[in-house]
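Per-entry structural report
So you can see what is in the structure, the chains are spelled out below.
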Amino acid sequence: EAGVVQSPRYKIIEKKQPVAFWCNPISGHNTLYWYLQNLGQGPELLIRYENEEAVDDSQLPKDRFSAERLKGVDSTLKIQPAELGDSAVYLCASSLRGSSYNEQFFGPGTRLTVL
Amino acid sequence: KNEVEQSPQNLTAQEGEFITINCSYSVGISALHWLQQHPGGGIVSLFMLSSGKKKHGRLIATINIQEKHSSLHITASHPRDSAVYICAVDEAQKLVFGQGTRLTINP
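Quick summary incoming for the structure in this document. All values derive from a computational prediction rather than experimental measurement.

Calculation rules
- Residues numbered from 1 in each chain as written.
- Chains lettered and ligands numbered in written order.
- Predicted model: local features only at pLDDT ≥ 70, side-chain atom pairs only at ≥ 80, totals over all residues.
- Heavy atoms only, no water.
- Helix = DSSP H or I, 4+ residues; strand = E, 2+ residues; numbered from the N terminus.
- Rg over C-alpha atoms; globule rule 2.2 N^0.38 Å.
- Buried < 20%, exposed > 50% of the residue type's maximum accessible area, 1.4 Å probe, protein only.
- Contact = heavy atoms within 4.5 Å.
- Areas by Shrake-Rupley, 256 points an atom, 1.4 Å probe, with all protein chains shown as cover.
- Lys, Arg positive; Asp, Glu negative; His and termini not counted.
- Charge placed at Lys NZ, Arg CZ, Asp CG, Glu CD.
- Pairing = 2+ DSSP bridges.
- Axes fitted to C-alpha atoms, helices over the stretch in contact; angles between N-to-C directions.
- Buried area = accessible area lost by both parts, 1.4 Å probe.
- Polar contact = N/O pair within 3.5 Å; in protein donor to acceptor, adjacent residues only side chain to side chain.
- Nonpolar A, V, L, I, M, F, W, Y, C, P; charged D, E, K, R; others polar.
- Disulfide = S-S within 2.5 Å.
- Phe/Tyr/Trp six-rings, centres within 6.5 Å; stacked < 30°, edge-to-face > 60°.
- Core = buried A, V, L, I, M, F, W, Y, C linked by side-chain atoms within 4.5 Å.

**Remarks on the overall build of chain B**
Secondary structure assignment for chain B yields zero helices and eleven strands. Walking chain B from its N terminus toward its C terminus, one meets helices and strands in the order β-β-β-β-β-β-β-β-β-β-β. Against the globule reference of 13 Å for 107 residues, chain B gives a C-alpha radius of gyration of 13 Å, in line with a compact fold. Buried residues in chain B amount to 44% of all 107 residues. When contacts within chain B are restricted to residue pairs at least 6 apart in sequence, long-range pairs at least 24 apart make up 54% of them. Accessible surface for chain B amounts to roughly 5,000 Å². Of this, 50% is attributable to carbon and sulfur atoms. Seen as two clouds, the 9 positive and the 8 negative side-chain charges of chain B have centres 5 Å apart.

What follows is the structure in structure tokens.
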């Protein structure tokens with residue numbers, strides 16, 4: 001069974017440019033998470049979806065970040081415009097809501113470098 | 001103060017040594033996770049526990065709910081164990097992560 005798929009794996013852009021990341025969760029997982037991970041730190045939640053509904057986006061900087069999960073399957077995270085401080089790894093994870101515990105499965109991440 | 005604190009932040013040891021990484025948390029949780037992250041790689045779940053102790057190969061995870069503390073142990077450590085180990089607590093369907101412990105095992 002395929003795991004969580006993310007693309008691209010690496011992205012280098014200049015500041016003020018837009019960028020988008022894509023995530024395809026494990027088949028059947030209705031909960032999807034986007035995390036930001038700075039170097040030497042643990043991941044920080046940006047947004048959590050239950051199916052197509054964003055149920056926790058309190059940490060998403062909405063002035064420049066947006067996300068969507070239109071059909072409750074794959075998801076896109078966008079930054080427009082990107083700033084130097086956005087350089088980080090963007091992780092996507094998915095889980096099956098209703099399981100006993102919140103075991104999340106992570107994708108490989110997209111490493112963003114903003115120049 | 002972070003809700004999840006790990007210690008040490010960095011650990012270097014020789015192959016074969018017994019390794020302990022600690023995690024303390026300050027909130028009520030339903031479960032605690034230990035995760036492994038290799039350089040350039042994604043995050044892999046090692047353990048998910050809510051009480052007692054779990055063992056998988058050379059890895060052992062323990063949790064003390066009353067003391068809000070968990071430990072991850074590695075027996076007979078090997079260079080391939082070199083990675084970042086992250087503790088995360090499950091707080092109302094949201095994972096709160098520690099900053100990670102960077103482990104380096106030298107041959």
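Moving on from the model shown.
**Looking at the sheet that holds strand β3 (residues 19-24) of chain A**
Residues and elements named next belong to chain A. In spatial order, the strands read β1-β3-β8-β7; together these four strands make up an open sheet with antiparallel pairing. Here the strands that pair on one side only, and so sit at the sheet edges, are β1 (5-7) and β7 (65-68). Sheet twist, expressed as the average angle between the axes of neighbouring strands with direction ignored, equals 15°. Bridge count between β7 and strand β8 (residues 75-79): four bridges; the pairing is antiparallel. Looking across to β8, one finds that Ala67 is bridged to Leu77.

**A closer look at the interface of chain A and chain B**
With 21 residues of chain A at the interface, the matching set in chain B holds 21 residues. Roughly 1,600 Å² of surface becomes buried between chain A and chain B when both sides are summed, with 52% attributable to carbon and sulfur atoms. Summed over the shared surface of chain A and chain B, the result is one residue pair in polar contact (both at pLDDT 80 or more). Mapped onto the side of chain A that touches chain B, the elements with two or more residues apiece are β4 (31-37) and β5 (44-50) of chain A. Across the side of chain A that touches chain B, the residue classes break down as eight nonpolar, seven polar and six charged.

**Regarding the state of the cysteines**
Residue and element names in this part refer to chain B. In this structure the tally under the stated criterion is two disulfides over all chains. Cys23 shares a disulfide with Cys87; S-S distance 2.0 Å. Judged by the torsion about the S-S bond (-60°), the Cys23/Cys87 disulfide is left-handed. Here Cys87 lies in strand β9 (residues 83-91) and Cys23 lies in strand β3 (residues 19-25), a separation of 64 residues in the sequence. By relative accessible area, which is 0% here, Cys23 ends up buried.

**So, the side chain of A:Gln37**
With respect to the helices, strands and loops of the structure, A:Gln37 is situated in strand β4. Of note is the side chain of A:Gln37, whose polar atom sits 2.9 Å from the backbone oxygen of A:Gln41. Within the local environment of A:Gln37, its side chain forms a polar contact with the side chain of B:Gln37, the two groups lying 2.9 Å apart. Apart from the residues within four sequence positions on either side, A:Gln37 is in contact with A:Gly42, A:Pro43, A:Ala88, A:Val89, A:Leu91, B:Gln37 and B:Ile86.

**With respect to the packing of aromatic side chains**
Scanning the model with the defined rule gives six aromatic pairs over all chains in all. On the numbers, 4.8 Å between centres and 25° between planes, the contact of A:Phe21 with A:Tyr90 is stacked. Linking A:Phe21 in strand β3 with A:Tyr90 in strand β9 (residues 88-95), this pair joins segments that are 69 residues apart in sequence. A relative accessible area of 1% places A:Phe21 in the buried class. Members of the aromatic cluster, connected to one another through ring pairs, are A:Tyr33, A:Tyr35, A:Phe106 and B:Phe97.

**So, the nonpolar core**
Formed by 23 residues in total, the largest nonpolar core has its most connected members in B:Leu32 and B:Trp34. At the level of elements, β3, β4 (31-37), β5 (43-49), β7 (59-64), β8 (69-74), β9 and β11 (101-106) of chain B are the ones that each hand at least two residues to this core. With 22 residues, the next largest nonpolar core counts A:Ile13, A:Ile79, A:Leu112 and A:Val114 among its residues.

**Some thoughts on the pairing of β4(A)**
Within a regular strand, side chains alternate between the sheet's two faces. Residues and elements named next belong to chain A. Taking burial as the measure, the seven residues of β4 include seven buried ones, the bulk of the element. Burial along β4 is two-sided: the residues Thr31, Tyr33, Tyr35 and Gln37 and Leu32, Trp34 and Leu36 are all buried. Direction of pairing for β4 relative to β5: antiparallel, over a ladder of six bridges. Bridging from a neighbouring strand, Leu32 pairs with Tyr49 of β5.

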